[in-house]
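The residues making up each chain are set out below.
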Amino acid sequence: MTNEPNQDRRDFLKTSGLLTGSALLGGLPFQTNAATGSPGYHFSVNDTIKVALIGCGGRGTGAAQQALNTKQNVKIVAMADAYRDRLDDSYKALTERGLKAADGSPKVDVPEDHKFVGFDAYKQAIALADVVILATPPGFRPSHFEEAVRQSKQIFMEKPVATDAPGIRRVLAAAEEAKKKKLNVVVGLQRRYQPSYREMIKRIHDGALGDIVGGQVYWVSGGVWQKPRKPNQTEMDYQMRNWYYFNWLCGDHINEQHVHNIDVANWVKDSYPVSCQGTGGRQVRTGKDYGEIFDHHIVDYVYADGTTINSQCRHYEGTYSRVDEMFLGTKGKIEGMEKKSSALMGYNGQPIYTHNAKADGNPYQIEHDELFDAIAKGQYKFADAERVAKSTMTAIMGRMATYSGKVVKWDEALNSQIDLFPTTLAWDAMPKSLPDANGLYAIAVPGKTVTV
């Protein structure tokens, strides 16, 4: 993160918000940016930070609520989703709280002509805002992030940021453009904003545990929701409604969920793995309702210094659950980083550092508090996209290893040309993965499936 001198928020939004096409200006008058000589656009005289919500599911609605709970004068002014019912449910959830701005006006101010539905709805909503929240299924993140950067908006986006290597490369390119434009980008790997993680990992980087020589990261749980197929439902609609079970939308649960813990491993190591190998499959969730994803993955990630971090994630109902990380160093270890009271422990049994998290704030709220505080102060502080793209790539590389049964190297994984996204986005268009006559989807077979 970098710091820039304070400046007025409206000036900051003008200087960081240089548009590339006049068609997006919506009639706002041009003015010239004094610092750059480039054309910008003029905002109204009040200090309202206008937010567009792109993706109106549970996580998007939660992120919007957290934005509204910041200290700044934030208003939701536009919403977009592929589905009208999800947009309506989100709007109801956001408005029923009756949040008011300092002047008494509603903090959710989204008239009908600012509600957009369909695959291209995001473009219209983004154009109306200063800040965008990107919370659709991950497969859409590269295109939505590109558009938000193209329209020069400040950005909060959920993790993961892609589902395949071509998507990662798009996000990395857009991240570079966001840096050039000095657009704040915060990504929802909230452990990065959690005080306990920040304090413990700062001390790990300062050498409290010595050299990190191993570790394990976990997301083992009972799995998530599933929605039955409806009569006459198109295949695109079915997969969109059940996005968690299709790789073009989700990237498998090693990517969608476990990226949190994998990112912590990369954070602790302050690097990214050079290779990995692993195993996985479908042991419990084997029916046609579970699409094409595995229900378990076990991966060994190898870093450049030879350290191996073991990764485990699974979806088995009625079994032991753990969502956590542990690491071993030459001087000590940390177990249970997610616990309310956790400690860096020496091998003599004495604590090196103990963190009591009972008084810590909610990290989901903290990430929005810090983002909107920076925006209100006219600061450029956050550039999360590149880091999260590489942690997302780490998760995708793990999926490549479990699907193929091969050792997968970082460079070959990142340069993979396998593109999971449909050729055409339309409700009557066909995704690339289709069911057979029995409603079953092709499942990866280690030793046969090609992933890079």
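Residues numbered from 1 in each chain as written. Predicted model: local features only at pLDDT ≥ 70, side-chain atom pairs only at ≥ 80, totals over all residues. Heavy atoms only, no water.

(A) View of the overall build of the protein chain. Helices and strands together make up the secondary structure of the protein chain, namely 13 helices and 17 strands. For the protein chain, the proportion of contacts with a sequence separation of at least 24, taken over those separated by at least 6, is 73%. (Helix = DSSP H or I, 4+ residues; strand = E, 2+ residues; numbered from the N terminus. Contact = heavy atoms within 4.5 Å.)

(B) Region of the structure containing the pattern of salt bridges. For the structure on display, the rule yields 25 salt bridges. One salt bridge in this structure joins Glu-146 and Arg-170, with 2.6 Å as the shortest N-O distance. Of the two residues, Glu-146 is situated in helix 5 (residues 141-150) and Arg-170 in helix 6 (residues 165-181); the sequence distance between them amounts to 24 residues. For Glu-146, a relative accessible area of 29% gives the class partly exposed. When its relative accessible area of 37% is taken as the criterion, Arg-170 is described as partly exposed. Residues participating in the shared-partner salt-bridge network are Arg-84, Asp-88, Glu-112 and Lys-115. (Salt bridge = Lys/Arg side-chain N within 4 Å of Asp/Glu carboxyl O. Buried < 20%, exposed > 50% of the residue type's maximum accessible area, 1.4 Å probe, protein only.)

(C) Molecular detail of the sheet that holds strand 4 (residues 74-81). Within the open sheet, the six strands sit side by side as 5-4-3-6-7-8. Their pairing is parallel. Both outer strands of the open sheet, strand 5 (115-117) and strand 8 (185-187), are each paired with one neighbouring strand and no more. Here the strands of the sheet are splayed against their neighbours by 20 degrees on average, with no regard to which way each runs. Where strand 4 and strand 5 come together, three bridges link them in parallel fashion. Its bridge partner lying in strand 5, Ala-80 is registered against Phe-116. Across the face of the sheet, helix 3 (residues 84-95) comes into contact with strand 3 (49-54), strand 4 and strand 5 while running at roughly 160 degrees to strand 4. (Pairing = 2+ DSSP bridges. Axes fitted to C-alpha atoms, helices over the stretch in contact; angles between N-to-C directions.)

(D) Layout of the sheet that holds strand 17 (residues 408-409). Overall, mixed pairing links the nine strands, which are arranged 16-15-14-13-9-12-11-10-17 in an open sheet. In this open sheet, the two strands that pair with only one neighbour each are strand 16 (351-356) and strand 17. On the sheet, helix 7 (residues 195-205) packs against strand 9 (212-221), strand 13 (322-329), strand 14 (332-335), strand 15 (341-346) and strand 16 and is oriented at approximately 165 degrees with respect to strand 16.

(E) The packing of aromatic side chains, seen in detail. This model, assessed by the stated rule, comprises 17 aromatic pairs. Considering the side-chain rings of Tyr-193 and Phe-382, the 6.2 Å spacing of their centres and the 50 degrees angle between planes classify their relative orientation as tilted. Taken together, the residues span a long stretch of sequence, with Tyr-193 in the loop between strand 8 and helix 7 and Phe-382 in the loop between helix 11 (363-376) and helix 12 (385-404) at a distance of 189 residues. Taking the relative accessible area as the measure of exposure, Phe-382 reaches 2% and is therefore buried. Aromatic side chains Trp-225 and Tyr-244 sit 6.1 Å apart centroid to centroid with 80 degrees between the ring planes, which places their arrangement in the edge-to-face category. Remark: Tyr-244 occurs in the loop between helix 8 (235-241) and helix 9 (253-256) and Trp-225 occurs in the loop between strand 9 and helix 8; sequence separation between them is 19 residues. Given a relative accessible area of 3%, Tyr-244 falls into the buried group. Among the aromatic residues, those joined into a cluster by ring pairs are Tyr-83, Phe-119, Phe-140, Trp-248, Phe-421 and Trp-427. The ring of Tyr-91 has Lys-115 lying over it, and the distance from NZ or CZ to the ring centre is 3.6 Å. The ring of Tyr-83 carries the charged tip of Arg-241 above its face, separated from the ring centre by 3.6 Å. (Phe/Tyr/Trp six-rings, centres within 6.5 Å; stacked < 30°, edge-to-face > 60°. Lys NZ or Arg CZ within 6 Å of the ring centre and 35° of its normal.)

(F) Expanded view of the packing of helix 6 against helix 12. As a packed pair, helix 6 and helix 12 sit with axes 9 Å apart at the nearest point and diverge in direction by 170 degrees. Between helix 6 and helix 12, the interaxial angle falls into the category roughly antiparallel. On helix 12, the residues that touch Ala-165, Ile-168, Val-171, Leu-172, Ala-175, Glu-176 and Lys-179 of helix 6 are Ala-385, Glu-386, Ala-389, Thr-392, Met-393 and Ile-396. (Parallel < 35°, antiparallel > 145°, perpendicular 65-115°, else oblique.)

(G) Fine view of unusual backbone geometry. Here the bond from Lys-159 into Pro-160 is cis, since omega is -20 degrees, no more than 30 degrees from zero. Locating Pro-160 in the fold gives a position in the loop between strand 7 (154-157) and helix 6. Backbone geometry places Ser-152, a non-glycine residue, at a positive phi of 60 degrees. Summarising the element assignment, Ser-152 is placed in the loop between helix 5 and strand 7. The class of Ser-152 is buried, set by a relative accessible area of 4%.

(H) Looking closely at the nonpolar core. Phe-145, Ile-155, Met-157, Phe-327 and Met-393 are the most contacted members of the largest nonpolar core, which totals 70 residues. The greatest single-element share of this core, amounting to nine residues, is contributed by helix 12. Ignoring anything within four residues of it in the chain, the contact list for Met-157 reads Leu-134, Arg-141, Phe-145, Val-185, Val-186, Val-187, Gly-188 and Ala-385. (Core = buried A, V, L, I, M, F, W, Y, C linked by side-chain atoms within 4.5 Å.)

(I) View of the packing of helix 2 (residues 58-68) against helix 11. Running from amino to carboxyl end, helix 2 crosses helix 11 at an angle of 55 degrees, the nearest separation of the two axes being 9 Å. Taken together, the axes of helix 2 and helix 11 are oblique relative to one another. When you trace helix 2 past helix 11, the crossing you get is right-handed. From helix 2, Arg-59, Ala-63, Gln-66 and Ala-67 reach across to helix 11, where they touch Tyr-364, Gln-365, His-368 and Phe-372. Here the contact of helix 2 with helix 11 is composed, by residue class, of four nonpolar, three polar and one charged. (Left-handed = near helix turned anticlockwise from the far one by under 90°. Nonpolar A, V, L, I, M, F, W, Y, C, P; charged D, E, K, R; others polar.)

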